[in-house]
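Fold and geometry: a report
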Amino acid sequence: MESILSNISIFGHGIAAALFAAIAIWQFQRKAERNAPQITLIIAVSLTSFWALSVAVEGPFSAMSNFGESLRNLGWLAFMFALLRSGKGRSEPTTINIIYVALVLVLIGQMIVDSLIPIFAGSPRLEGMTLYTALVLRMIFAVGAVVLVHNLYSISAPETRWGIRLPMASLAAMWTYDLNLFTITYLTQQFPAELSAMRGPAMAIIAPIMALASIRNTDWNLKLSRSVAFRSLSLIAIGGYLLMMIVIATALQIIGGDYARLAQVSFLFGTTVAALLLLPSGKFRAWFKVKLAKNFFQHRYDYRAEWIRFTDTIGRPGATSAPFHERVVQAIADITDSPGGILLMPDDCGHLVLQSRWNWQSIEVPAHACTSRTVPFFQDSMHIVEFDALRNNEDPKCDDAAIPKWMIEDQETWAAVPLVHFDRFAGLILLSRPRIHRTLDWEDLDMLRVVGRQVASYLAEARSQESLSEAQRFDEFNRRMAFIMHDIKNLVSQLSLLARNSKRHADNPEFRADMVETLQDSADKLNGLLERLSQHNKAKAEEPKAIKVGALIKSIVEKKRLLHSIETSEIDNLTAMADPARVDQILGHLIQNAIDASSGGQPIVINARRRDLSIAIEVIDQGVGMSSEFVRSQLFKPFASSKQGGFGIGAYEARELAKAMNGRLEVESKESAGSKFTLILPLAKNISEEISDDERAA
């Protein structure tokens with residue numbers, strides 16, 4: 001069995017050496033202008049061929065094969081670094097480069113430790129420590145290399161990611177195989193012969209994939225992704241922690257003897273306590289975020305994440321949410337990790353006043369929070385003020401006369417962000433000092449300017465909505481006033497007719513009694529109109545109910561007969577589903593319009609008869625009438641009237657009231673021949689059912 005595995009290892013590594021050598025020669029002979037990734041690719045392929053050949057000749061445990069393995073890993077690491085540096089777009093943060101340097105140092109340490117193995121061959125204890133250290137270093141490099149492969153692939157642009165997919169997959173497979181090999185060796189404390197033998201055939205399979213990748217790849221365009229970089233950093237941290245635990249456990253087992261387990265438990269307990277103390281601290285999180293952004297990322301902000309958080313804060317729904325202006329302050333303060341802020345907005349006179357606070361109760365804002373230069377300065381310049389620089393006379397762009405003294409004297413005041421919408425000043429946000437002291441850089445200023453303009457647009461929209469709501473309230477009041485004025489006009493007309501008739505019939509006791517009743521009814525209606533005009537009037541119209549139409553019409557006729565001659569030729573005492581008050585109001589409008597259109601000697605006729613499943617109440621006059629064009633296009637439009645001095649409200653209101661009771665209003669009219677208005681109301685349910693039964697029986 002051992003001879004078979006040995007032959008597989010020899011032939012596998014030999015074939016891999018030949019294939020990688022062929023790829024190196026082919027790449028070297030290509031007549032093309034070579035860039036850094038192509039040069040390092042030739043070197044990496046050549047070193048891989050050298051390593052495979054040394055394993056085939058010297059065996060997998062020889063000093064030459066270990067040295068060749070380190071050179072192979074160094075070559076591929078250089079290829080990945082060259083690929084990363086040649087990417088188009090912004091440069092990499094320094095800390096990403098440090099990770100590559102750290103892995104290079106691991107490889108150098110690995111080569112040094114490998115060279116010490118033959119020296120310590122006579123001392124079992126030192127030789128064991130050296131072998132374990134070499135194994136741990138290989139595991140550390142394998143973990144870091146796999147993470148960097150993941151990072152390099154993830155940060156590439158989507159349109160060019162296909163070009164590096166094959167080489168990244170090959171490198172990931174190679175180092176994942178190595179990691180499994182070294183991990184099993186560490187756990188079992190013996191080198192797995194099967195995995196070691198199959199290492200050569202596995203590399204022989206990878207070689208054609210590398211050849212195909214070298215054909216496909218001509219250019220790479222890489223851009224750093226903050227989230228990917230952070231995930232890669234997290235993987236490195238996790239892998240580093242696990243390997244550190246392995247190193248500590250191994251060292252304590254070799255050096256500490258019986259105290260190894262106690263030391264491991266103490267270390268784990270100490271790191272857990274430290275995490276519980278540091279992670280909940282807001283100051284530590286702020287410090288860590290600043291250091292992370294400064295050292296690991298080219299840009300301070302993840303603009304997509306910041307924009308999502310900003311819009312979520314501004315537009316947060318729900319009854320438990322903070323008021324809108326308070327959310328405005330929070331949305332900007334969260335961007336710079338400021339713990340609080342205030343919003344100042346101009347009043348009707350153009351003076352800044354305190355509008356809202358967020359987590360900043362200690363600052364005292366005077367009633368007049370600005371100077372005469374404050375609003376013009378921020379509106380024209382949109383300058384973001386950093387108060388530490390202003391206090392140290394390091395802000396030449398700031399107009400000292402524009403900054404009130406109370407802002408400068410409060411040491412917690414850190415920055416002022418103007419809110420300008422289309423060159424119009426909308427407000428000023430003051431931010432309190434962050435937990436970790438830092439200055440505003442160009443990226444902070446750009447971010448605050450953008451969100452300042454966006455917040456100004458939100459404030460302008462909120463103010464427009466408030467103005468629109470106020471205008472709607474005025475419009476509702478005016479609409480209500482128009483109906484009230486129309487009803488008042490009708491009452492005035494009735495009282496005028498009553499006054500004229502009283503001159504002729506004042507001696508009639510019956511007339512006087514009716515006049516008193518009519519005056520009382522008019523007074524009641526006026527009081528009702530005043531209640532309807534009040535903004536506190538929340539009364540709703542009654543739901544339709546069964547009413548006797550005949551009795552209702554008779555009561556209306558009794559009230560109007562002192563004003564004009566009214567006749568009733570046919571009134572069926574049927575039951576309708578309606579609101580008596582609204583029916584009274586509709587017929588009042590129609591009768592008054594008929595009186596206005598008729599001369600003194602022309603009576604008005606009111607009829608009420610059944611029409612199918614409805615009741616038709618007719619108001620007929622022989623007055624001036626209306627044209628068909630006016631009836632079609634103008635009659636039921638508000639403020640359109642055929643009468644001189646008319647409001648044009650009566651017919652419109654009558655139709656709307658009829659609709660509210662599931663009825664309708666019909667009209668027939670002819671110029672100089674009079675008009676007929678018909679109010680259609682539904683029959684009461686039991687009456688309509690009886691009629692339907694009679695129709696079916698018939």
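Residues numbered from 1 in each chain as written. Predicted model: local features only at pLDDT ≥ 70, side-chain atom pairs only at ≥ 80, totals over all residues. Heavy atoms only, no water.

Remarks on the packing of helix 3 (residues 63-85) against helix 5 (residues 124-154)
- Between helix 3 and helix 5, the shortest axis-to-axis distance is 11 Å and the interhelical angle comes to 25°. As far as their axial angle goes, helix 5 and helix 3 are roughly parallel. Classified by chirality, the crossing of helix 5 by helix 3 is left-handed. Of the residues in helix 5, those touching helix 3 at Asn66, Glu69, Asn73, Leu77, Met80, Leu83 and Leu84 are Arg138, Phe141, Ala145, Leu148, Val149 and Leu152. (Axes fitted to C-alpha atoms, helices over the stretch in contact; angles between N-to-C directions. Helix = DSSP H or I, 4+ residues; strand = E, 2+ residues; numbered from the N terminus. Parallel < 35°, antiparallel > 145°, perpendicular 65-115°, else oblique. Left-handed = near helix turned anticlockwise from the far one by under 90°. Contact = heavy atoms within 4.5 Å.)

Notes on the packing of aromatic side chains
- Enumeration over the complete set of coordinates arrives at 8 aromatic pairs.
- Here phenylalanine 61 and phenylalanine 191 contribute two aromatic rings whose centre-to-centre distance is 4.6 Å and whose plane-to-plane angle is 75°, an arrangement assigned as edge-to-face. Linking phenylalanine 61 in the loop between helix 2 (36-58) and helix 3 with phenylalanine 191 in the loop between helix 6 (161-188) and helix 7 (193-216), this pair joins segments that are 130 residues apart in sequence.
- Between arginine 72 and the ring centre of tryptophan 51, over which it is positioned, the NZ or CZ distance is 4.6 Å. (Phe/Tyr/Trp six-rings, centres within 6.5 Å; stacked < 30°, edge-to-face > 60°. Lys NZ or Arg CZ within 6 Å of the ring centre and 35° of its normal.)

Considering helix 13 (residues 374-381)
- Residues Thr374, Val375, Phe377 and Phe378 constitute the buried set of helix 13. Within helix 13, the buried residues cover an arc of 165° as seen down the axis, which keeps them to one side.
- For helix 13, the secondary structure elements touched by its buried residues are strand 2 (352-358), strand 3 (385-386), strand 4 (413-421) and strand 5 (424-432).
- Just downstream of helix 13 lies methionine 382, where phi reads positive at about 50°. (Buried < 20%, exposed > 50% of the residue type's maximum accessible area, 1.4 Å probe, protein only. Arc of directions from axis to C-beta.)

Overview of the sheet that holds strand 3
- Taken together, the 5 strands give an open sheet; going across it, the order is 2-1-5-4-3, and neighbouring strands pair in antiparallel fashion. What marks the edges here is a single partner per strand, and that holds for strand 2 and strand 3.
- Relative to strand 4, strand 3 runs antiparallel, the two sharing 2 bridges. Following the sheet pairing, glutamate 386 is matched in strand 4 by alanine 415.
- Contacts from helix 12 (residues 324-335) reach strand 1 (341-346), strand 2, strand 4 and strand 5, with the element oriented near 70° to strand 2.
- Strand contacts of helix 13: strand 2, strand 3, strand 4 and strand 5, with the helix running at about 100° to strand 5, the strand carrying the most contacts. (Pairing = 2+ DSSP bridges.)

Things to note about the nonpolar core
- Counting 43 residues, the largest nonpolar core has Val583, Leu587, Ile617, Leu635 and Leu679 as its most contacted members.
- Among the elements that make up this core, the one with the highest residue count is helix 19 (residues 580-597) (7 residues).
- The contact partners of leucine 635, leaving out residues within four places of it in the chain, are Met626, Phe630, Ala651, Val667 and Phe677.
- The next biggest cluster of nonpolar side chains, apart from the first, holds 41 residues, and it includes Ala16, Leu84, Ile99 and Met210. (Core = buried A, V, L, I, M, F, W, Y, C linked by side-chain atoms within 4.5 Å.)

So, the layout of surface pockets
- For the second largest pocket, the calculated volume is near 600 Å³.
- Phe61, Ile117, Leu131, Leu135 and Phe191 are the residues nearest the centre of the second largest pocket, which is lined by 29 residues in total.
- For the lining of the second largest pocket, the secondary structure elements donating two or more residues are helix 2, helix 3, helix 5, helix 6 and helix 7.
- When residues in the lining of the second largest pocket are grouped by element, the largest group, 7 residues, is from helix 5.
- Each residue belonging to the lining of the second largest pocket can be placed in one class, and the counts come to 15 nonpolar, 9 polar and 5 charged. (1 Å grid on protein atoms, 1.4 Å probe; cavity = no way out; pocket = protein on both sides within 12 Å on 5 of 7 lines; lining within 4 Å. Points joined across faces, edges and corners; volume = space filled by probe spheres on them. Nonpolar A, V, L, I, M, F, W, Y, C, P; charged D, E, K, R; others polar.)

Focus on the packing of helix 19 against helix 21 (residues 650-660)
- Viewed as axis vectors pointing N to C, helix 19 and helix 21 meet at an angle of 155°, and their least axial separation amounts to 9 Å. With respect to helix 21, the element helix 19 is oriented roughly antiparallel. Between helix 19 and helix 21 the crossing geometry is left-handed. From helix 19, Arg582, Gln585, Ile586, His589 and Asn593 reach across to helix 21, where they touch Gly650, Ala651, Glu653, Ala654, Leu657, Ala658 and Ala660.

Some details on a nonpolar patch on the surface
- On the surface, Ile10, Phe11, Ile15 and Leu19 cluster together into a nonpolar patch covering about 370 Å² of accessible area.
- Turning to its location among the elements, leucine 19 is positioned in helix 1 (residues 2-29).
- What makes leucine 19 partly exposed here is its relative accessible area of 32%. (Patch = residues over 30% accessible without salt bridge, like charges linked within 9 Å, V, L, I, M, F, W, Y side chains within 5 Å. Areas by Shrake-Rupley, 256 points an atom, 1.4 Å probe, with all protein chains shown as cover. Salt bridge = Lys/Arg side-chain N within 4 Å of Asp/Glu carboxyl O.)

A few points about unusual backbone geometry
- Phi at aspartate 423 is positive, roughly 65°, even though this residue is not glycine.
- By the secondary structure assignment, aspartate 423 is in the loop between strand 4 and strand 5.
- Although it is not a glycine, serine 672 sits at a positive phi angle of roughly 70°.
- On the accessibility criterion, serine 672 (69% relative accessible area) is exposed.

Quick notes on the sheet that holds strand 9 (residues 604-611)
- Spatially, the 5 strands line up as an open sheet ordered 7-9-10-12-11, and their pairing is mixed. Looking at the sheet topology across the chains shown, the edges are occupied by strand 7 (566-567) and strand 11 (664-670).
- Pairing analysis gives 7 bridges linking strand 11 to strand 12 (residues 674-682), with the strands arranged antiparallel. The residue of strand 12 that forms the bridge with serine 669 is serine 675.
- Against the sheet, helix 18 (residues 549-560) contacts strand 7, strand 9 and strand 10 (614-621), and its axis sits at roughly 175° relative to strand 9.

Some thoughts on empty space enclosed by the protein
- This model, assessed by the stated rule, comprises 5 cavities of 30 Å³ or more.
- One number sums up the size of the largest cavity: a volume of about 100 Å³.
- The set of elements that each furnish at least two residues to the lining of the largest cavity consists of helix 17 (509-533), helix 18 and helix 19.
- Looking at which element gives the most residues to the lining of the largest cavity, the answer is helix 17, with 4 residues.
- Split by residue class, the lining of the largest cavity holds 2 nonpolar, 4 polar and 5 charged.

Some points on the confidence of the model for the chain
- Per-chain confidence: the chain averages 78 in pLDDT, with 76% of residues scoring 70 or above.
- Across residues 535-539, confidence stays below pLDDT 50; counting only partners more than four residues off in sequence or on other chains, it has 3 contacts. (pLDDT = per-residue confidence, 0-100.)

Considerations on the pattern of salt bridges
- For the structure shown, the criterion picks out 17 salt bridges.
- One salt bridge in this structure joins aspartate 178 and arginine 199, with 3.1 Å as the shortest N-O distance. One end of the pair, aspartate 178, is in helix 6; the other, arginine 199, is in helix 7, and 21 residues separate them in sequence.
- On the basis of relative accessibility, which here comes to 9%, the residue arginine 199 falls in the buried class.
- Residues arginine 433 and aspartate 388 are paired through a salt bridge, measuring 2.7 Å at the closest nitrogen-oxygen approach. Placement of the pair is arginine 433 in the loop between strand 5 and helix 16 (442-505) and aspartate 388 in helix 14 (residues 387-391), with a sequence separation of 45 residues.
- Note on arginine 433: relative accessible area 18%, which makes it buried.
- Judged by relative accessible area, aspartate 388 falls into the buried class, the value being 14%.
- Residues participating in the shared-partner salt-bridge network are Glu69, Arg72, Asp114, Arg138, Asp178 and Arg199.

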